[in-house]
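# Summary of structural features
Now for the letters of each chain:
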Amino acid sequence: MSIVFYCNWPNKKEWIKGLRKKFAKEKIQVWPNIKNRDEINYAIVWKMPHKELKKFKNLKIIFSLGAGVDHLINKKDLPKIPIVRIKDPVMRERMYNYVLCHILNYQLKIFDYLENKKNKRWKERFDILDNNDLNVGILGLGYLGGYIAKLLKKNNYKISGFSRTNKTNKYNFSTYRGSNGLNNFLKKLDIVINLLPNTTATQNFVDAKVLKKMKKNCLLINVGRGSTINEKDLIKHMKKNKNFEAVLDVFKVEPLPKKHGFWNTKNIFITPHSSSITNVDSAIQQIYLNYNVYKKQKKIRNRVNYLQQY
Ligand code: GLV
C-alpha cells in the first residue's frame, strides 16, 4: 500500500516534508519517482496530468489538494472512484479576508488616495459608505459562500444569497433561487461575490444578460471559477458601464494570457488565483484525518458528489 503525491506549486517541497512527517507509517511516492505503481491505493494531488493519474490501476480514493475538484471530476479518462475535497476553516478565513479587503476598498475608495498621493493632492472625502449602506450578495452558498455571508452579516452588511442547488431556508438572511429569484437578487446589490464552482451547469453563468441585471456601479468579485463568467461579455459590459468594477482572482485560462483583454480594461483588479491558497499544515492534518477515518471505519468524509460536481 502506498500513496502518490503530485502538485506543481512552488511550495511543493514543504508539502512533501509535511506529508512524510504526518504519514510517517505510510509510503509516499512523489511523482515522477514512482517505484511500484501497482501498490498505490491513494492519490493526494492537484492538477495531476490525467494520463499519469490513470496509470494507477489500484487507486481507491483521490484526495484533492484544494477546495475545487474541477481538475478531477467527470473526466472521461479517469476512473469514477471517490474524490475527497478540502473543507478547511483556514482556507475559508483566507477567502473571507480577501473578499472583505475588496469590499472595504470599494467602500472607502482607498485606491483614490494612491492617485492623490502621486499628485500630492490633499482631498478630503465626505461621501463615506457605511457597512449597512451596502447590499452584498453571495452567488453560491456552499462551504465558503455560506461562511463569508455569515461573517459579513455579523459585520452589519446587508446580506442576501443565491443558491442554484442548496436549500436556502437555513440562513438568517434573504435567499433566492431560480431565474426570477436571480433577477430580484441581483437588482438591489452593490456588490456581487461569485463563488460558483466549475460545473457543466455553471459555464458562463454570468453573461451579458446577467450583467445587465446588476446595478451600473456594481462591484463584481469573482473568487469561484473563471469558467462561470463570460469574459468577453464582461469586457463589453465594462466598456459600456464605466462605473462598473470587477475584482477577478480566477480566469478561464490561468495564468491569464498576456494578450487577454482584462489586462487593459479599466476598473478590473486582477490577482493570480491567490484569494485562498491551501494552507499546508491544516490541509495535511485534514487529509490525514479523512484517510484514517476511511481506513478504520470505511467512511469517506468530504466526499464529492459526482452528480453535483462539487
Ligand atoms: C482553489 O482554487 C481551490 O480549489 O482550492
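Here, the structure is the one placed above.
Notes on the structure in this doc start here. Every residue gets a number counted from 1 within its own chain, in the order that chain's sequence is written. Note on the predicted model: pLDDT of at least 70 is required for a residue's local features to be given, and 80 or more for side-chain atom pairs to be given and counted; whole-chain, interface and lining totals, by contrast, use all residues. Hydrogens and water are ignored here; the side-chain numbers use all heavy atoms of the structure.

### As for the overall build of the protein
Helix and strand labels come from DSSP, where a helix needs a run of H or I of at least four residues and a strand needs a run of E of at least two; each type is numbered from the N terminus. When helices and strands are counted, the protein shows 9 helices and 12 strands. Relative to the 2.2 N^0.38 estimate, which gives 19 Å for 310 residues, the radius of gyration of the protein is 21 Å and therefore close to what a compact globule would have. With the principal axes as the frame, the protein shows a C-alpha extent of 65 × 45 × 35 Å. Per-residue burial over the protein gives 50% buried out of 310 residues. Residue contacts are counted whenever heavy atoms from the two residues lie within 4.5 Å of one another. Across the protein, the fraction of contacts at a sequence separation of at least 24, relative to all contacts at a separation of at least 6, is 63%. Areas reported here follow the Shrake-Rupley algorithm with a probe of radius 1.4 Å; residue values treat only the protein chains shown as occluding. Accessible surface computed for the protein: about 16,800 Å², of which carbon and sulfur atoms make up 51%. When charges are counted, Lys and Arg are positive and Asp and Glu negative, with His and the chain ends excluded. Throughout, a charge is located at the NZ atom of Lys, the CZ atom of Arg, the CG atom of Asp or the CD atom of Glu. A distance of 6 Å separates the average location of the 61 positive side-chain charges in the protein from that of its 23 negative side-chain charges. To get the radius of gyration, use the C-alpha atoms; to get the globule rule, take the number of residues to the power 0.38 and multiply by 2.2 Å. Each residue gets one of three labels from its accessible area relative to the maximum for its type: buried under 20%, exposed over 50%, partly exposed in between, using a 1.4 Å probe on protein chains only.

### Digging into the sheet that holds strand β4 (residues 61-64)
Overall, parallel pairing links the 5 strands, which are arranged β2-β1-β3-β4-β5 in an open sheet. Only two strands of the sheet have a single partner each, and these edge strands are β2 (27-30) and β5 (83-84). Bridge count for strand β3 (residues 40-45) against β4 is 4 bridges, and the pairing is parallel. When the bridges of β4 are listed, Val45 appears paired with Ser64. Strands pair, by our definition, only if DSSP identifies at least two bridges between them.

### Things to note about the environment of Lys266
Position of Lys266 relative to the elements: it lies in the loop between β11 (245-248) and β12 (268-270). Of the residues examined, Lys266 reaches a relative accessible area of 69% and is grouped as exposed.

### As for the pattern of salt bridges
Working definition: two side chains of opposite charge can pair if their charged atoms are close together. For this analysis, a salt bridge means a side-chain nitrogen from Lys or Arg found within 4 Å of a carboxyl oxygen belonging to Asp or Glu. Evaluation of the coordinates by the stated rule reveals 8 salt bridges. For Arg125, the salt bridge is made with Asp127, and the minimal N-O distance between the two is 3.0 Å. On the basis of relative accessibility, which here comes to 23%, the residue Arg125 falls in the partly exposed class. A salt bridge links Lys215 to Asp190; the shortest N-O distance between them is 2.9 Å. Placement of Lys215 in the loop between α7 (208-213) and β10 (219-222) and of Asp190 in the loop between α6 (178-187) and β9 (191-194) is noted, with a sequence separation of 25 residues between them. Taking the relative accessible area as the measure of exposure, Lys215 reaches 29% and is therefore partly exposed. Exposure remark for Asp190: the relative accessible area of 10% places this residue in the buried category. Several salt bridges converge on common partners, so that one network encompasses Lys51, Glu52 and Lys55.

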